[in-house]
Amino acid sequence: MHDKKALVIGASGLVGTELLDTLLQKDTYSEIFVLARKPLQITHNKLQVFIVNFDTLEEEYPTIDPEDVFCCLGTTIKQAKTKENMYKIDVEYPFKVAILAMKHGLNHFLLVSAVGANSSSRIFYSRIKGEVEDKLLSLNIPKVSIFRPSLLVGNREEFRLGELFAIKIFQFTSWIFPVTIQAKMGIKPSVVAQAMYHSAVHDKKPITMYDAVRMNEIMDK
């Protein structure tokens, strides 16, 4: 087992759940920390979960020194209720964690963003995803890896009629298309999680971008 430490935020979401399971199974990390708003339904001898209020994280940040930070944090306007709350969760919280982690040896920040992320976009969701990417890249973190998945094909606690409809169409029609087209239509959270782990182990460049096709290619190796 390597004497390396990781921090995960957004560990209870679709990608975060898969990622945490992957990290706990591997020997790459001796300790895995999670910052969460409520307890997780999982225990492990390598896992430490810290219950925090992200609004006051500067005062609550625990004494930890992770080299790698995995950010799977994100929400929807339905969950957040307002654009202001959504912006806090998708942009301010990841940026805040990155700044705090940089003071304690951060080497690699890995972010789940979204397809179409662009800080100049007229679409609010795409714009804030692009903005968090830009803000992280401005920090001069030694390595930043950004993952832009297409529609996440998985079972959510939150009911989203439009997404459910899109997933059903994908499930019934994806076999018609080549793998590269399938990846652009929808991607499994486990594929994103495996790509993040692969990136943490193998990426050497200061900035690496992963679209859905590239993530799927990693799974095929």
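Residues numbered from 1 in each chain as written. Predicted model: local features only at pLDDT ≥ 70, side-chain atom pairs only at ≥ 80, totals over all residues. Heavy atoms only, no water.

Would you mind going over the overall build of the protein chain in detail, with residue names and values included?
If you tally the helices and strands in the protein chain, you get nine helices and seven strands. Each of the 221 residues in the protein chain was classed as buried or not, and the buried ones make up 48%. By sequence separation, contacts in the protein chain at least 24 residues apart represent 70% of the contacts at least 6 residues apart. Working note: accessible area of the protein chain is about 11500 Å², and carbon and sulfur atoms make up 53% of it. (Helix = DSSP H or I, 4+ residues; strand = E, 2+ residues; numbered from the N terminus. Buried < 20%, exposed > 50% of the residue type's maximum accessible area, 1.4 Å probe, protein only. Contact = heavy atoms within 4.5 Å. Areas by Shrake-Rupley, 256 points an atom, 1.4 Å probe, with all protein chains shown as cover.)

Any details on the packing of helix α1 (residues 14-25) against helix α8 (residues 189-202)? Residues and values, ideally.
Close contact between α1 and α8 brings their axes to 8 Å; oriented N to C, the two are set at 50 degrees. Taken together, the axes of α1 and α8 lie oblique to each other. α8 is crossed by α1, and the crossing has right-handed handedness. Only P189, S190, V192, A193, Q194, M196 and Y197 of α8 make contact with α1, whose side of the interface consists of L14, V15, E18, L19, T22 and L23. Here the contact of α1 with α8 is built from residues that sort into nine nonpolar, three polar and one charged. (Axes fitted to C-alpha atoms, helices over the stretch in contact; angles between N-to-C directions. Parallel < 35°, antiparallel > 145°, perpendicular 65-115°, else oblique. Left-handed = near helix turned anticlockwise from the far one by under 90°. Nonpolar A, V, L, I, M, F, W, Y, C, P; charged D, E, K, R; others polar.)

How would you sum up the confidence of the model for the protein chain? Please name residues and give values.
For the protein chain, per-residue confidence averages 87 on the pLDDT scale, and residues scoring 70 or more make up 84% of the total. Contacts of residues 158-184 to residues separated by more than four positions or lying in other chains number 35 contacts, the stretch itself having pLDDT below 50. (pLDDT = per-residue confidence, 0-100.)

Describe the side chain of K143, and please don't skip the residues or the numbers.
Turning to its location among the elements, K143 is positioned in strand β6 (residues 143-148). Buried and unpaired, K143 has D68 as its nearest opposite-charge partner, separated by 6.0 Å. (Lys, Arg positive; Asp, Glu negative; His and termini not counted. Salt bridge = Lys/Arg side-chain N within 4 Å of Asp/Glu carboxyl O.)

So, the pattern of salt bridges: which residues are in play, and what are the values?
For the structure shown, the criterion picks out seven salt bridges. One salt bridge in this structure joins D90 and K129, with 2.8 Å as the shortest N-O distance. You can see D90 sitting in helix α4 (residues 83-102) and its partner K129 sitting in helix α5 (residues 124-137), a full 39 residues away along the chain. The burial state of D90 is the same as that of K129; both residues are buried.

So, the environment of Y93: which residues are in play, and what are the values?
Here Y93 shows up in helix α4. On the basis of relative accessible area, Y93 is assigned to the buried category, the value being 7%. For the pair Y93 and L73, spaced 20 residues apart in sequence, the C-alpha separation works out to 8.3 Å. Once residues within four sequence positions are removed from consideration, Y93 is found in contact with F54, D55, L73 and K88.

Please set out α8 residue by residue, giving values where relevant.
Taking 1.5 Å per residue, 14 residues should reach 20 Å; α8 reaches 20 Å between its end C-alpha atoms and fits that length. Among the residues of α8, those classed as buried are P189, V191, V192, A193, A195, M196, Y197, S199 and A200. (Expected span 1.5 Å × (residues − 1).)

Could you give an account of the sheet that holds strand β3 (residues 47-51), with specific residues and numbers?
One open sheet accounts for seven strands, arranged β3-β2-β1-β4-β5-β6-β7; its pairing is parallel. Edge strands, defined here as strands with exactly one partner in the open sheet, are β3 and β7 (207-211). Geometrically, the sheet is characterised by an average inter-axis angle of 15 degrees between neighbouring strands, direction not taken into account. When strand β5 (residues 108-112) meets β6, the two strands line up parallel, connected through five bridges. Bridge pairing in β6 places V112 opposite F147. Each of β1 (5-9), β2 (31-36), β3, β4 (68-71) and β5 touches α1; the most contacted strand, β2, lies at about 160 degrees to it. Across the face of the sheet, α8 comes into contact with β4, β5, β6 and β7 while running at roughly 165 degrees to β5. (Pairing = 2+ DSSP bridges.)

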